[in-house]
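Below, each chain spelled out in residue letters.
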Amino acid sequence: MEPGRAGSLRGHLPMQAKSYIPYLQVAPLAFVFGAFLVIPILTIVVVSFWDYDFARIIPDFVLTNYRELLGSPVTLRTYLNTLRYAAIVWVATLAIGFTVAYFLAFHVRSDTWQTACFLICTVPFLTSNIIRMISWIPFLGRNGLLNSALVGAGIVDHPLEFLLFSDFAVVLAFVHLYTLFMIVPIFNSMMRIDRSLIEAAYDGGANGLQVLTNVIIPLCKPGIAIGSIFVVTLVMGDFVTVRFMSGGQSASVGLMMANAISLLQYPAAAANAVILLIVVLLMVGAMMRIVDIRKEL
């Protein structure tokens, strides 16, 4: 081989090696992503087309599970009920989360107090979700603390029955469990807002409401979208909260899947999971079309 040609090959080898470095860097994450997300989802999709009876799962390719789910009015009512939960919880968590984040970002001036108040908001979330959820039962029960206080103060003549084992209790528990997932991204967005923009708006004659609606809220849209994705996806897939706080009187998609699994109807549960995944992905896709969350990432 000619010396000049050999030298040119040696010069090209490092560049070729460098071209593989990004793939090597992303390989561990791609392996984890594939092993723990893609493969399980594909497995669920495959199982959703299998058949079953009272005691067996039969590997096959049938559309019975999807026909029964999509053709059943119970499925439609359950999905509508779950979407209703998601909508109510989203509105409540957005109102609470935006208010708390706004107070922390714009009214707490000291960084120390800001950190302390934020930690106070997060401390209750360090305990188990089930413990925090069950703690509402002695408070909301017929002879619980709230009813006892209301009756004792003469506000009501008899204990309120709707406080526990009802849709109200389910929504209250959801809001309690998932509000932090709305506070954190909105607070992060607010802390990134250039304060000179707010000062310029005030100097231009804008009042507080105009600054909020024309400056702060538009700049917080990515954080609101991220928090909305967290809250909606968590509520759509939750079944423990609905089971405990409704006393078995309300239904959700997650609870319907859990009941199918308890009856060993794994293909039916898998088909329901696929439909739920599609619905949630459509909702998340719609949110991402409205708001570009890449500004926050």
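These numbers come from a predicted model, not from an experiment.

Novice: Sorry if this is basic, but what is going on with the overall build of the protein chain here?
Specialist: Of the regular secondary structure elements, the protein chain holds 15 helices and 2 strands. Taken against the 2.2 N^0.38 rule, which gives 19 Å for 297 residues, the C-alpha radius of gyration of the protein chain at 26 Å runs more than 25% over that of a compact globule. Counting across all 297 residues of the protein chain, residues that qualify as buried make up 36%. Pairs at least 24 residues apart make up 70% of the contacts formed inside the protein chain by residues separated by at least 6 positions. Accessible surface, the protein chain as shown: approximately 17900 Å² in total, 71% of it carbon and sulfur. For the protein chain, the separation between the mean place of its 17 positive charges and that of its 15 negative charges on side chains is 7 Å.

Novice: Whenever I open this one, the packing of aromatic side chains confuses me. Can you help?
Specialist: The description of an aromatic ring pair uses the distance of the two centres, along with the angle that the planes make with each other. One pass over the structure, following the stated rule, counts 10 aromatic pairs. Taken together, a centroid distance of 6.4 Å and an interplanar angle of 15 degrees make the contact between phenylalanine 98 and tyrosine 102 stacked. Taken together, the positions of phenylalanine 98 and tyrosine 102, both in helix H3 (residues 73-106) and 4 residues apart, correspond to about one turn of that helix.

Novice: I would appreciate a short explanation of the nonpolar core in the present structure.
Specialist: Within soluble globular proteins, side chains that are nonpolar tend to cluster in buried spots. Within the largest apolar cluster, 61 residues are counted, with the highest numbers of intra-cluster contacts made by Phe174, Ile186, Met190, Ile216 and Val235. With 10 residues, H3 is the single largest residue contributor to this core. Every residue in contact with isoleucine 186, bar those within four places of it in the chain, is listed here: Leu94, Gly97, Phe98, Ala101, Gly223 and Ile224.

Novice: I'm lost on the UniProt feature "domain: ABC transmembrane type-1" (unreviewed entry) in the protein chain in this one. Help?
Specialist: Mapped onto this numbering, the UniProt entry annotates "domain: ABC transmembrane type-1" (unreviewed entry) at residues 79-287. Regarding residues 79-287, the helix share stands at 76% and the strand share at 0%, and the terminal C-alpha atoms are separated by 19 Å.

Novice: Any chance you could explain the UniProt feature "transmembrane region" (unreviewed entry) in the protein chain here in plain terms?
Specialist: Here, the residues flagged by UniProt with the feature "transmembrane region" (unreviewed entry) are residues 21-50, 85-105, 117-139, 168-187 and 266-291. Secondary structure over residues 21-50 splits into 90% helix and 0% strand, and the C-alpha atoms at its two ends are 42 Å apart. As a span, residues 168-187 carries 95% helix and 0% strand, and end to end its C-alpha atoms are 28 Å apart.

Novice: Explain the pattern of salt bridges here, please?
Specialist: Close approach of charged atoms allows side chains with opposite charge to pair. Here the structure, examined in full by the defined rule, presents 3 salt bridges. Note that arginine 56 and aspartate 53 form a salt bridge whose closest N and O atoms lie 3.1 Å from each other. By relative accessible area, which is 52% here, arginine 56 ends up exposed. The residue arginine 142 makes a salt bridge to glutamate 161 at a minimum N-O spacing of 1.9 Å. Within this pair, whereas arginine 142 is found in the loop between helix H6 (137-140) and helix H7 (145-152), its partner glutamate 161 is found in the loop between H7 and helix H8 (167-178), the two being separated by 19 residues in sequence.

Novice: What should I look at first to understand helix H15 (residues 266-290) in this one?
Specialist: Three or four residues apart is the spacing at which side chains of an α-helix point the same way, because the helix has 3.6 residues per turn. The terminal C-alpha atoms of H15, which comprises 25 residues, lie 36 Å apart, in line with the 36 Å expected from a rise of 1.5 Å per residue. If you check which residues of H15 are buried, you get Pro267, Ala268, Ala269, Ala270, Ala271, Asn272, Val274, Ile275, Leu276, Val280, Val284 and Met287.

Novice: What am I meant to see in the packing of helix H14 (residues 253-262) against H15 here?
Specialist: Geometrically, a packed helix pair is captured by the angle between its two axes and the distance between the axes. Running from N to C, H14 and H15 point in directions that differ by 160 degrees, and their axes come no closer than 8 Å. Classified by the angle their axes make, H14 and H15 are roughly antiparallel. When you trace H14 past H15, the crossing you get is left-handed. Seen from H14, the contacting residues are Val253, Met256, Met257, Ala260 and Ile261; seen from H15, they are Tyr266, Ala269, Asn272, Ala273 and Leu276. Counted by class, the contact of H14 with H15 contains 9 nonpolar, 1 polar and no charged residues.

Novice: Just checking my understanding: could you explain a nonpolar patch on the surface for this structure?
Specialist: Residues Phe33, Leu37, Val38, Ile41, Leu42, Leu277 and Leu281 make up a contiguous nonpolar surface patch of about 590 Å² in total accessible area. Checked against the element boundaries, valine 38 lands in helix H1 (residues 3-47). Note on valine 38: relative accessible area 33%, which makes it partly exposed.

Novice: Would you explain the side chain of asparagine 272 in this entry?
Specialist: Tracing the backbone shows asparagine 272 in helix H15. Filtering out sequence-adjacent residues up to four positions away, asparagine 272 remains in contact with Leu69, Tyr79, Val253, Met256 and Met257.

Rules of the game
Residues numbered from 1 in each chain as written. Predicted model: local features only at pLDDT ≥ 70, side-chain atom pairs only at ≥ 80, totals over all residues. Heavy atoms only, no water. Helix = DSSP H or I, 4+ residues; strand = E, 2+ residues; numbered from the N terminus. Rg over C-alpha atoms; globule rule 2.2 N^0.38 Å. Buried < 20%, exposed > 50% of the residue type's maximum accessible area, 1.4 Å probe, protein only. Contact = heavy atoms within 4.5 Å. Areas by Shrake-Rupley, 256 points an atom, 1.4 Å probe, with all protein chains shown as cover. Lys, Arg positive; Asp, Glu negative; His and termini not counted. Charge placed at Lys NZ, Arg CZ, Asp CG, Glu CD. Phe/Tyr/Trp six-rings, centres within 6.5 Å; stacked < 30°, edge-to-face > 60°. Core = buried A, V, L, I, M, F, W, Y, C linked by side-chain atoms within 4.5 Å. UniProt positions renumbered as here; feature names shortened; annotations may be inferred. Salt bridge = Lys/Arg side-chain N within 4 Å of Asp/Glu carboxyl O. Expected span 1.5 Å × (residues − 1). Axes fitted to C-alpha atoms, helices over the stretch in contact; angles between N-to-C directions. Parallel < 35°, antiparallel > 145°, perpendicular 65-115°, else oblique. Left-handed = near helix turned anticlockwise from the far one by under 90°. Nonpolar A, V, L, I, M, F, W, Y, C, P; charged D, E, K, R; others polar. Patch = residues over 30% accessible without salt bridge, like charges linked within 9 Å, V, L, I, M, F, W, Y side chains within 5 Å.

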